[in-house]
Amino acid sequence: FSLIAKQEDTQKKTFTCWINSQLAKHSPPSVVSDLFTDIKKGHVLLDLLEVLSGQQLPRDKGSNTFQCRTNIGNALTFLKNRSMKLINIHVTDIVDGNPSIILGLIWTIILHFHIEELAQTLSCHYNQPSLDDVSVVEGGSLPTSSPPAKKCSKAQERWQMSAKKALLSWAQEQCATHESVSVTDFKSSWRNGIAFLTVIHALRPDLIDMRSVKHRSSKDNLEEAFRIAEQELKIPKMLEPEDVDVDNPDEKSIMTYVAQFLQYSRHTAGTRDKPQGKVKDAMLWLRLQEEKLQKALKDSENETDFTKYCNLLSFMESFDEEKKFLLDILSKERNLVNLDEDQLQLREAWDGLKYQVNAWKAQLNYALPQPLNEIEAWLQEVEELIGDSLPASQDYSTAMTLTQERMTLFKSLMDRFDCYSNILLTFENTDEKHLALVPPTKLDEMRRRLNNILGKKFILLLEFHYYKCSVLGLLDEVKSKLDVWNVNYGSKDSVELLLEDWHKFF
């Protein structure tokens, strides 16, 4: 009970501060003194939603009980019309000042209007396409229309998870240059205050001396971080050291506060919306990835093949997730004809990093235990064959020949499909000491790729292309014959020759 009360108290303090930072933008501005009491008035909730949405909402101007209930109802209706799921949140709960319901409502608003919108600026969406084949991580996609209520709830849950993950990825990126700072959640990772200071240092290196933070107490670090954030970055002080330096810090409160730093970075980095600024951001990120890759390689030097592969997969998971916010600029640079010096450096840096990652993957794939390395080589050969464009030529006869050769090669490779499939299904992934030979995720990946090959139905595609070329070639031949036959009649002998040619053709 005391833990729940402590979390509610922390959330009340944090959410009140966040609300007041928004209400200061309203015309006229308003302020919340006691969240559970002031929210009952209804107009406070409408003021907040008007600031967040930029829309003017219907309201009763009075302050009697009926008018307050009407205004609260208008606010909840507005939120529901935006496809926000308000589970067990009713007008009566707000009027009664139910703490858990009110905090749940405010958290839903913060998540939807603040954290999710900030996360979208990072473009960390699960439905983004891969830029290159440097990927071992699969993601889901988000629906673009409003599904039925049950599905909507699941879709919102997935998106909330991705928004949280996007914010966490951003925080991890800010802390990545300091090896001793590990941010894995929005709870204990922030307890000693170093993560907050590291984020501030990433945004404003001139404000923090990172050499001194390890020698201070958690309380001192937290006080320093909150003070600098408030005075220098103009980020409201939403937390106290005693709210964070506890066994189980409140996740929602920390997320709300960390989101202020992301908002600061979006507002202050004016050049980020300009192409040149994006190129510089991309270069900084690529250099950081280069450093992380070299560190991962160094840490793997004296490790077992199993540990090396785990390190690769760990790097790739982080790399694939973080690169999504740069997909846009990297894809655009690929389409530019005349690249300036910075853009050329970006392309070279990306290609260089991709080459190093692929070289590391190839080295580890070669070191897989038999027969997995043989299956990996076979998978790559088949995938390359499937990935190549179909033979296209104005000479349809040549195209048919090339397609036939590819069919023969593909059928030859697929002769081993059943054997390799059985091996992967029955592979005993343990050595004589009963330790895993390869990471289970690698085996899952190989099985998935095997199923993808079968699902492509590539032989049917080749056969269709072969017969299409055959028909097009025949049409071309008919056209050329018609051009020959479509001449003025000459002598009787020439007409007989044309007729004979006609019969031979058909």
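First, a word on what this report is: a plain description of the structure on this page. Bear in mind that the values here come from a model prediction, so they are computed numbers and not experimental data.

So, the overall build of the chain
- Within the chain, the regular secondary structure consists of 21 helices and zero strands.
- Looking at the chain as a whole, 41% of its 506 residues qualify as buried.
- Expressed as a percentage of contacts within the chain between residues at least 6 apart in sequence, the contacts between residues at least 24 apart total 68%.
- Total accessible area on the chain is roughly 27800 Å²; 52% of this is exposed by carbon and sulfur atoms.

Details of the pattern of salt bridges
- For the structure on display, the rule yields 19 salt bridges.
- Arg449 is paired through a salt bridge with Glu445; the nearest N and O atoms lie 2.8 Å apart. Taken together, the residues span about one helical turn, with Arg449 and Glu445 both in helix α19 (residues 440-455) at a distance of four residues.
- With relative accessibility at 12%, the residue Glu445 sits in the buried group.

Some remarks on the packing of aromatic side chains
- Taken as a whole and judged by the stated rule, the model has twelve aromatic pairs.
- Geometrically, the ring pair formed by Phe226 and Tyr257 is edge-to-face, given 5.3 Å between the ring centres and 85° between the ring planes. One end of the pair, Phe226, is in helix α9 (residues 218-232); the other, Tyr257, is in helix α11 (residues 251-268), with 31 residues separating them in the sequence. No difference in accessibility class separates Phe226 from Tyr257, as the two residues are buried.
- Ring-pair connections join several aromatic residues into one group, and the members of that group are Phe186, Trp190, Phe196, Phe226, Tyr257 and Phe261.

As for helix α3 (residues 43-53)
- The element α3 is extensively covered by neighbouring structure, given that eight of its eleven residues are classed as buried.
- Residues of α3 that are buried include every one of Val44, Leu45, Leu46, Asp47, Leu48, Leu49, Glu50 and Leu52, and no others.
- In this structure, the buried side of α3 is in contact with α1 (2-23), α2 (35-38), α4 (65-81) and α6 (99-121).

Overview of the packing of α1 against α3
- Relative to each other, α1 and α3 sit at 65°, their axes nearing to 9 Å. Regarding α1 and α3, the two cross each other, and that crossing is left-handed. Packed against α1, whose contacting residues are Trp18, Ile19, Gln22 and Leu23, the element α3 presents Val44, Asp47, Leu48, Val51 and Leu52 at the interface.
- Residues that form the contact of α1 with α3 fall into these classes: seven nonpolar, one polar and one charged.

A word on the nonpolar core
- Formed by 80 residues in total, the largest nonpolar core has its most connected members in Ile109, Trp190, Phe196 and Phe261.
- Of the residues forming this core, the biggest block, 13 residues, is contributed by α6.
- In contact with Ile109, other than residues within four places in its own chain, are Trp18, Leu45, Leu48, Leu49, Leu52, Leu79, Met84 and His114.
- In terms of nonpolar packing, the next biggest core, distinct from the first, is built from 42 residues, Phe315, Met316, Leu424 and Phe427 among them.

Concerning α1
- Across its 22 residues, α1 extends 31 Å between first and last C-alpha, which sits within 8% of the 32 Å expected from 1.5 Å per residue.
- Of the residues making up α1, those classed as buried are Thr10, Gln11, Thr14, Phe15, Thr16, Cys17, Trp18, Ile19, Asn20, Gln22 and Leu23.
- Buried residues along α1 sit against α2, α3, α6, α10 (241-244) and α11.

Rules behind the numbers
- Residues numbered from 1 in each chain as written.
- Predicted model: local features only at pLDDT ≥ 70, side-chain atom pairs only at ≥ 80, totals over all residues.
- Heavy atoms only, no water.
- Helix = DSSP H or I, 4+ residues; strand = E, 2+ residues; numbered from the N terminus.
- Buried < 20%, exposed > 50% of the residue type's maximum accessible area, 1.4 Å probe, protein only.
- Contact = heavy atoms within 4.5 Å.
- Areas by Shrake-Rupley, 256 points an atom, 1.4 Å probe, with all protein chains shown as cover.
- Salt bridge = Lys/Arg side-chain N within 4 Å of Asp/Glu carboxyl O.
- Phe/Tyr/Trp six-rings, centres within 6.5 Å; stacked < 30°, edge-to-face > 60°.
- Axes fitted to C-alpha atoms, helices over the stretch in contact; angles between N-to-C directions.
- Left-handed = near helix turned anticlockwise from the far one by under 90°.
- Nonpolar A, V, L, I, M, F, W, Y, C, P; charged D, E, K, R; others polar.
- Core = buried A, V, L, I, M, F, W, Y, C linked by side-chain atoms within 4.5 Å.
- Expected span 1.5 Å × (residues − 1).

All quantities given are derived from atomic positions and should not be read as evidence of function.
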